[in-house]
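Descriptive structure summary
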Amino acid sequence: MLEPHPRKVPPSFTGAQVARMVGIEPKQMTYLAKRGDLPAGTHSVNGSRRMFSLAETREYVRKLSNIPSRPEGADAACISVVNFKGGSTKTSTAFNLAQGLTLRGRSVLICDLDAQASSTTLTGLIPPAEVLPEQTAAPIFYRPRPASDVEPTGFTPPVTLEYAVQSTYWDGIDLIPAAPGLYDAEILLPISSQNPDIQWWDILNQALPPLRKKYDYIIFDTAPALSYLAVNAVMASDGMIMPIPPETLDFASSVAFWNMLAETIQGLSERKGYKKDFAFMRVLLSKVDKTFASSMVADWIRATYGQYLLPVEIPKNQAGSLGALKFGTAFDMDRTIFRDAKVGIGAETYSKLREAFEQFVEMIDATVMSSVWKVSAIK
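In this structure, Phe141, Leu161, Leu204, Leu208, Phe220 and Ile301 are the most contacted members of the largest nonpolar core, which totals 56 residues. With 6 residues, the single largest contributor to this core is helix H11 (residues 248-272). Not counting residues up to four positions away in its chain, the partners in contact with Ile301 are Ile244, Pro245, Pro246, Phe251, Val283, Leu285, Gly306 and Leu309. Counting residues in hydrophobic clusters, the runner-up holds 54 residues, among them Ile79, Leu97, Ile219 and Ile314.

For the structure shown, the criterion picks out 9 aromatic pairs. With 5.5 Å between their ring centres and 90° between their planes, Phe257 and Trp258 make a pair best called edge-to-face. For the pair Phe257 and Trp258, a shared accessibility class is recorded, and that class is buried. Through pairs of rings, three or more aromatic residues link up here, namely Trp200, Trp201, Tyr228 and Tyr274.

Following both chains from N to C, one finds helix H1 (residues 15-22) and helix H3 (residues 54-64) inclined at 30°, their axes separated by 9 Å at the closest point. When the axes of H1 and H3 are compared, the pair comes out roughly parallel. The two elements H1 and H3 meet at a crossing, and its hand is right-handed. Contacts between H1 and H3 pair Val18, Met21 and Val22 from the former with Thr57, Tyr60, Val61 and Leu64 from the latter. Residue classes in the contact of H1 with H3 are distributed as 6 nonpolar, 1 polar and no charged.

Calculation rules
- Residues numbered from 1 in each chain as written.
- Predicted model: local features only at pLDDT ≥ 70, side-chain atom pairs only at ≥ 80, totals over all residues.
- Heavy atoms only, no water.
- Core = buried A, V, L, I, M, F, W, Y, C linked by side-chain atoms within 4.5 Å.
- Buried < 20%, exposed > 50% of the residue type's maximum accessible area, 1.4 Å probe, protein only.
- Helix = DSSP H or I, 4+ residues; strand = E, 2+ residues; numbered from the N terminus.
- Contact = heavy atoms within 4.5 Å.
- Phe/Tyr/Trp six-rings, centres within 6.5 Å; stacked < 30°, edge-to-face > 60°.
- Axes fitted to C-alpha atoms, helices over the stretch in contact; angles between N-to-C directions.
- Parallel < 35°, antiparallel > 145°, perpendicular 65-115°, else oblique.
- Left-handed = near helix turned anticlockwise from the far one by under 90°.
- Nonpolar A, V, L, I, M, F, W, Y, C, P; charged D, E, K, R; others polar.

Honestly, that's just the spatial picture; any functional story needs more than this.
Below, the structure written as structure tokens:
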């Protein structure tokens, strides 16, 4: 699935693409590349155009774009991508968001909190074979146990999640991976919840301070449930994003999620005195097609969520389906993938998908700047 490479590799970018990201004229790229204080790039095989790696592209964006940096001293914006239902594009939304933010110069940490490990798989890892439980977030949820003749103990849970961070194929994205063994935490957290001295819902939040200083964004990809780990992610977050395909079951499931989350937070407030405020909550219409049934459900979603619904829709099209076959995302792909696959998917189809995700990323970044970091979206 990753042919011809044993690992995923990021795309490279033409000078025109870099210029568009930076907000300059394409003809200026040749001058900037030759000036000496910015990456020079490399010429393509036929020598006709200059190409830039992902790392080089990000350097241009950081130095030349008018996108403000995270204010000095400000913490990372933490975002949970949530949904009750599987197949709602939760993981692809989280991963595309992370990639898109890096193309705006941001540094991003993805924390995979789903034992199915879909975000981890999108980095090219094979979780059951290549990720041990102790390399996931699970150890921070383990509690010391009393000594016994059967099982020697003395294990002390790590204080922060720094031990679990690893780099990925994508410059600007680090990962706290998941694996099936992460489910151990879901078994142990209910036991911890019986101890009145343990704030089980705040364990993840307490393990984040060093990482909040290091990254611009921390994105939690949660399981399709309001699980104990998902509650920890939500409680550690500044904002939440819920992708919803315009299908009846997905819509009904989304309403159930918010009702149960409200009850959970209210219960923690009443019994534990725990207060939680969010800087933002957003709903994203995903996998949108133009059938009559989908259009009708999309209208229900618009009527229900109103101001919380983002004014961009992620289309359901063949470009996204082909990318998924190769463990790819909208930002992994370029037009050559369609030519090489010989599937007859035009550049316009791919462009619609890519542009929708770019708009989504820009909206979330602007929301974070205004509601979390309290800065203008333009330098």
